[in-house]
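Residue-level structure breakdown
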Amino acid sequence: MPALVLPTPAQGFRVDDVDPGPDHRARVRSQSDEGRLEIEVRYPGGVPTPRISRHG
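1. What about the side chain of E40?
With respect to the helices and strands, the residue E40 is situated in strand β3 (residues 35-42). Separated by 2.9 Å, the side chains of E40 and R42 make a polar contact. Residues in contact with E40, not counting those within four places in the same chain, are R25, A26, R27, T49, P50 and R51.

And the structure:
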């Protein structure tokens, strides 16, 4: 099961929300002046499957 150890945002971003797991998913949402970024990792069948969404 995924778990976030230490989510560190890229320069210019700040972390707004973290769902660190361990669960069926781990997720972090971050934001900059240019928009939002959400990164989610799920483990269907034990295989890490990332999903990255950009907003704004």
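From this point, things continue past the structure.
2. Focus: unusual backbone geometry
With an omega dihedral of -5°, the bond running from G21 to P22 counts as a cis peptide bond. Checked against the element boundaries, P22 lands in the loop between β1 (14-19) and β2 (25-32).

3. Regarding a nonpolar patch on the surface
Residues L4, V15 and V18 make up a contiguous nonpolar surface patch of roughly 170 Å² in combined accessible area. Within the secondary structure layout, V15 lies in strand β1. Owing to a relative accessible area of 32%, V15 belongs among the partly exposed residues under this scheme.

The rules behind the values
Residues numbered from 1 in each chain as written. Predicted model: local features only at pLDDT ≥ 70, side-chain atom pairs only at ≥ 80, totals over all residues. Heavy atoms only, no water. Helix = DSSP H or I, 4+ residues; strand = E, 2+ residues; numbered from the N terminus. Polar contact = N/O pair within 3.5 Å; in protein donor to acceptor, adjacent residues only side chain to side chain. Contact = heavy atoms within 4.5 Å. Patch = residues over 30% accessible without salt bridge, like charges linked within 9 Å, V, L, I, M, F, W, Y side chains within 5 Å. Areas by Shrake-Rupley, 256 points an atom, 1.4 Å probe, with all protein chains shown as cover. Salt bridge = Lys/Arg side-chain N within 4 Å of Asp/Glu carboxyl O. Buried < 20%, exposed > 50% of the residue type's maximum accessible area, 1.4 Å probe, protein only.

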